[in-house]
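Tertiary structure, described
These are the residues of each chain, in order.
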Amino acid sequence: MENAFHQVISVEELAPGQSKAVELEGLSVLVCNVKGEFLAVENRCTHQASELEGGRIRNGMISCPLHGVMFDLRTGCGRGPLGKVPLRTFAVQVIGDQVHVRLTEPAEAQA
Ligand code: FES
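Residues numbered from 1 in each chain as written. Predicted model: local features only at pLDDT ≥ 70, side-chain atom pairs only at ≥ 80, totals over all residues. Heavy atoms only, no water.

Considerations on the pattern of salt bridges
Keep this limit in mind: A pairing counts as a salt bridge when a side-chain nitrogen of Lys or Arg comes within 4 Å of a carboxyl oxygen of Asp or Glu. Under the DSSP-based scheme used, a helix requires at least four consecutive residues in state H or I and a strand at least two consecutive residues in state E, with every element numbered from the N terminus. For every residue, the accessible area (1.4 Å probe, protein chains only) is compared with the maximum for its type, and the residue is labelled buried under 20%, exposed over 50%, or partly exposed between those bounds.
Here the structure, examined in full by the defined rule, presents one salt bridge. Of the charged contacts, one joins Glu 37 and Arg 74 as a salt bridge, the two residues approaching to 2.6 Å between their closest N and O atoms. In this pair, Glu 37 sits in strand 4 (residues 37–42) while Arg 74 sits in the loop between strand 7 (70–72) and strand 8 (89–95), placing the two residues 37 residues apart along the sequence. For Arg 74, a relative accessible area of 44% puts it in the partly exposed group.

Written as structure tokens, this is what we have:
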């Protein structure tokens, strides 16, 4: 069950440069469209827990709307002293016109 991919949104719902939060097994997950590539991270900044939804996406990085820390949407790594703790990242598959996300535990993501 925990290794399953979950259908979350359709491709048309998310234009390039946009992000949308979805609820998955009690977790807020942010799905992002980076120039047609779909990526998913936890929708919670590791600095002070602000939601990242709507943050500016440029060059594969999202800026936290609250204090502007930038996180790499592929690796979760943050920039600068406020971004020391990486975001959780999740595997994404696009099947047809549907975006699917698989939740992974933090330990599994680092393995
Ligand atoms: S809460 Fe995101 S940068 Fe401070």
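Regarding the sheet that holds strand 6 (residues 61–63)
Heads up, the condition is: Note: two strands are recorded as paired if DSSP finds a minimum of 2 bridges between them.
One open sheet holds the three strands; their spatial order is 5-6-7, and the pairing between them is antiparallel. In this open sheet, the two edge strands, each paired with only one partner strand, are strand 5 (57–58) and strand 7.

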